[in-house]
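Residue-level structural notes
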Amino acid sequence: MKPSGTAGAATLAQKIIARAAGRETVAVGEHVTCEVDLVLSHDSSGPRRYAQRLEALGVPVWDPDKVVLVTDHFVPATDARSANVLAMTRRWAKDNGVNNFYDMQGICHVVLPEKGHLRPGMLAVGGDSHSPTGGAYGAFMVGIGATDMTGVLATGRIWLRVPRTIRVEWTGALGPAMSAKDMILHLCAKLGMGNDYRVIEFAGETVTGLPMSERMVLTNMSAELGAKTGIIAADATTLADIRARGGDVADAVIDQYRSDDNAEFEAEHRFDAADLPPQVAAPHSPDNTRPVDEHLGVAVDQAYIGACTGAKHTDLQMAAAVLKGRKVRSGTRLMIAPASLEATRLAAADGTLEILTEAGAILLPTGCGACAGMGAGALAAGETCISSTSRNFRGRMGDPGSSVYLASPFTVAAAAVAGEIVDPREFVA
């Protein structure tokens, strides 16, 4: 669709960047220097990448209280190399006064909101490509590399080129056995992965009707769209979640940080969730997505429910809705790695874990695990996996000769029961 907009109007992204740059307004394409409100780092992209650089510069961390450090990739240590990375990370956090250090408590993108660190209007950076997850809370959050991270940790600032925004509006109610994962996989197919240096702003009644855990799926996988970040304007649901975690946030941020009605978008796309069938991405790219009925009968050796985008408490509940009273098919293994200790605790309290294990699921440690090709769950040559993770690039989860299909937790669990890809709607009343 053609761009919309009126002179002087601003998108949500422009408003956040302008505030961080100390400006009234910023224009698309401008280069500006911004004050960073929050830094997220993990063991893989963390001190082992930037500690020596900071030492060489002879500068301390500019503000340790604005740094959140999480161990999630090398946990639990399975070899001496992993143990040494974790030991270095722990020492660095202690030596540099980083009190917001979460050791083996979950995947960073899930732990960050669980611990109440996100606020609407923040400009935040993370040392991981899925840092746009924070955009679910109305923050402008981008992933950066080790060189940029060194600069941010030393100065508290970063330069940005003000990006264009693509608005994606969803209307209609999702049907049974449907989730935000189906929505974002559909967008990968429709919009492709070439949306470089764009912001994807998700809007519409379907999006505002989603819980925060599902909104996080949309912004998380804006990375798979190739975007700079994804973002959703804050509303009452956002504020309620923050306050439930002890955060202090004013109602005024809802009006302060939203795109103006006449803001200029590079493009606007509209989709109807009511017409959307379950989606499955075939090897070896998320944009290779088609409706589930085009993949029926594909045999699977492994079904995997894990990662920041696919193993939160609500994701585990989705799987349990399919698995209750059923068993994983002989010859197929179902492996589940909860995204955080909180997700595990909640799933244990409400009976979800009991349903999963009674069905034959194998519980793995909390962490990035097989999604990042680390730890348990790796695939052998010739094996096929259906996974709730975000990426299915060749060799991502193990041997380059393996194949990975992406789907929602509903669809992954249904495939575990059937031993092949099936329509999950047949398993949910």
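One structure accompanies this document, and this report is about it. No experiment lies behind these values; they were computed from the predicted model shown. (Residues numbered from 1 in each chain as written. Predicted model: local features only at pLDDT ≥ 70, side-chain atom pairs only at ≥ 80, totals over all residues. Heavy atoms only, no water.)

**A word on the packing of helix H11 (residues 313-323) against helix H14 (residues 409-418)**
Using the following cut-off: For helices, the axis comes from a line fit to the C-alpha atoms of the stretch in contact; other axes are also lines fit to C-alpha atoms, and the angle between any two N-to-C directions lies between 0 and 180 degrees. Helix and strand assignments follow DSSP, with helices taken as H or I runs no shorter than four residues and strands as E runs no shorter than two, numbered in order from the N terminus. Rotating anticlockwise by less than a right angle from the far helix to the near helix defines a left-handed crossing, while the corresponding clockwise rotation defines a right-handed one. By the convention used here, residues are in contact when the closest approach between their heavy atoms is within 4.5 Å. Note that Gly is not counted as nonpolar here; it falls among the polar residues with everything else outside the nonpolar set of Ala, Val, Leu, Ile, Met, Phe, Trp, Tyr, Cys and Pro and the charged set of Asp, Glu, Lys and Arg.
Closest axis-to-axis distance for the H11/H14 pair is 8 Å, and the angle between their directions is 35°. Crossing geometry of H11 relative to H14 is assigned as right-handed. Note on element contacts: H14 touches H11 through Pro409, Phe410, Ala413, Ala414 and Val417, opposite Asp315, Met318, Ala319, Ala321, Val322 and Leu323. Per-class residue counts for the contact of H11 with H14 are 10 nonpolar, no polar and one charged.

**A short note on the pattern of salt bridges**
Keep this limit in mind: One side-chain nitrogen of Lys or Arg within 4 Å of one carboxyl oxygen of Asp or Glu is enough to make a salt bridge.
What the rule picks out here adds up to 19 salt bridges. Two residues, aspartate 37 and arginine 19, come together in a salt bridge whose shortest N-O distance is 2.7 Å. Placement of aspartate 37 in the loop between strand E1 (31-35) and strand E2 (38-42) and of arginine 19 in helix H1 (residues 12-21) is noted, with a sequence separation of 18 residues between them. Here aspartate 235 makes a salt bridge to arginine 215, at a shortest N to O gap of 3.0 Å.

**Digging into the sheet that holds E2**
Selection criterion: At least two DSSP bridges between two strands are needed for those strands to be called paired.
With parallel pairing, five strands are arranged side by side in an open sheet as E4-E3-E2-E5-E6. Of all strands in the sheet, those with a lone pairing partner are strand E4 (100-103) and strand E6 (140-143), marking the two edges. The sheet shows a mean angle of 15° between the axes of neighbouring strands, direction not considered. As defined by bridge partners, E2 adjoins strand E5 (residues 123-126) across three bridges and the pair is classed as parallel. Its bridge partner being in E5, leucine 38 is matched across the sheet by alanine 124.

**Thoughts on empty space enclosed by the protein**
Rules: Only protein atoms enter the calculation, which uses a 1 Å grid: trapped sets of points that fit a 1.4 Å probe without letting it out are cavities, open sets showing protein on both sides within 12 Å along at least five of seven lines are pockets, and any residue with an atom within 4 Å of a point is a lining residue. Grid points are joined across faces, edges and corners, and a volume is the space filled by probe spheres set on the points.
Enumeration according to the criterion identifies one cavity of 30 Å³ or more in this entry. Taken as a whole, the largest cavity encloses approximately 30 Å³ of empty space. Listed by contribution, the elements that provide at least two residues to the lining of the largest cavity are helix H8 (212-220) and H11. A breakdown of the residues in the lining of the largest cavity according to their chemical character gives four nonpolar, four polar and three charged.

**Things to note about helix H5 (residues 146-155)**
An α-helical segment advances 3.6 residues per turn. Residues three or four places apart therefore align on the same side. What counts, and what does not: Exposure categories follow from relative accessible area, calculated using a 1.4 Å probe and restricted to protein chains: below 20% of the type maximum is buried, above 50% is exposed, and the middle band is partly exposed. This arc is built from the directions going out from the helix axis to the C-beta atoms.
Buried within H5 we find Met149, Thr150, Val152 and Leu153. An end-on view of H5 places all buried positions within 165° of arc, on one side of the element. Buried-residue contacts for H5 involve E2, helix H2 (47-57), strand E3 (67-71), E5 and strand E7 (157-161). Note on H5: the residue one or two positions beyond its end, glycine 156, has a positive phi of about 75°.

**A closer look at the packing of aromatic side chains**
What counts here: Any two rings among Phe, Tyr and Trp, with Trp reduced to its six-membered ring, count as a pair given centres within 6.5 Å; such a pair is stacked if its planes are under 30 degrees apart, edge-to-face if over 60, and tilted if neither.
With the rule as written, the count across this model stands at two aromatic pairs. Between the aromatic rings of tyrosine 50 and tryptophan 92, the centroid separation amounts to 5.4 Å while the plane-to-plane angle is 65°, which identifies the pairing as edge-to-face. One end of the pair, tyrosine 50, is in helix H2; the other, tryptophan 92, is in helix H3 (residues 80-95), and 42 residues separate them in sequence. The same class applies to tyrosine 50 and to tryptophan 92, which are both buried.

**Considerations on the layout of surface pockets**
Approximately 310 Å³ is the volume found for the largest pocket. Looking at the largest pocket, it is lined by 20 residues, and the ones nearest its centre are Arg167, Glu201, Ala203, Arg258 and Ser259. Contributing elements (two or more residues each) for the lining of the largest pocket: strand E9 (198-203) and helix H7 (205-208). Of the residues forming the lining of the largest pocket, the biggest block, three residues, is contributed by E9. Counted by class, the lining of the largest pocket contains nine nonpolar, four polar and seven charged residues.

**Description of the sheet that holds strand E8 (residues 164-171)**
Through backbone hydrogen bonds, the strands of a sheet pair up, either in parallel or in antiparallel fashion. Ordered in space as E10-E9-E8-E11, the four strands form an open sheet in which the pairing is parallel. The sheet is open, and its two edges are formed by strand E10 (229-231) and strand E11 (267-272), each paired on a single side. Strand after strand, the sheet turns through a mean of 20° between neighbouring axes, direction not considered. Pairing between E8 and E11: six bridges, direction parallel.

**Looking at the environment of leucine 406**
Within the secondary structure, leucine 406 is located in strand E18 (residues 403-406). Note on leucine 406: relative accessible area 0%, which makes it buried. Here the alpha-carbon distance between leucine 406 and alanine 282, two residues 124 residues apart in the chain, equals 6.8 Å. Apart from residues lying up to four places away in sequence, leucine 406 is in contact with Leu185, Gln279, Val280, Ala281, Pro286, Ser387, Thr389, Ser390, Arg391 and Asn392.

**Concerning the nonpolar core**
Our working rule: The criterion is simple. A nonpolar core is a set of buried Ala, Val, Leu, Ile, Met, Phe, Trp, Tyr and Cys residues joined through side-chain atoms within 4.5 Å.
Membership of the largest hydrophobic core comes to 98 residues, with the highest contact counts inside it found for Ile17, Leu123, Phe140, Leu334, Leu356 and Ile386. Those residues in contact with leucine 123 that lie beyond four places of it in its chain are Ile16, Ile17, Arg19, Ala20, Cys34, Glu35, Val36, Asp37, Leu38, Phe140, Ile158 and Leu160. Formed by 36 residues, the second largest nonpolar core is a distinct cluster that contains Met183, Ala267, Phe271 and Ala281.

**A look at the environment of aspartate 95**
Structurally, aspartate 95 is set in helix H3. Residue classification places aspartate 95 among the exposed positions, given a relative accessible area of 65%. Once the C-alpha coordinates of aspartate 95 and glutamate 30 are considered, the two residues, 65 residues apart in sequence, prove to be 38 Å apart.

**Side note on helix H6 (residues 180-191)**
The following threshold applies: One fewer than the residue count of a helix, multiplied by 1.5 Å, yields its expected span.
For H6, with 12 residues, the first-to-last C-alpha span of 16 Å sits near the 16 Å given by 1.5 Å per residue. Within H6, 10 of the 12 residues are buried, which leaves it mostly tucked inside the rest of the structure.

**Here's the deal with the packing of H2 against H5**
Our working definition: By definition in this entry, angles of less than 35 degrees are roughly parallel, angles greater than 145 are roughly antiparallel, angles of 65 to 115 are roughly perpendicular, and the rest are oblique.
At a minimum axis distance of 9 Å, the contact between H2 and H5 shows a crossing angle of 50°. If you check the angle between H2 and H5, you find them oblique. In the crossing of H2 with H5, the sense of the turn from one axis to the other is right-handed. On H5, the residues touching Arg49, Tyr50, Arg53, Leu54 and Leu57 of H2 are Ala146, Thr147, Met149, Thr150, Leu153 and Ala154. Tallied by class, the residues present in the contact of H2 with H5 amount to seven nonpolar, two polar and two charged.

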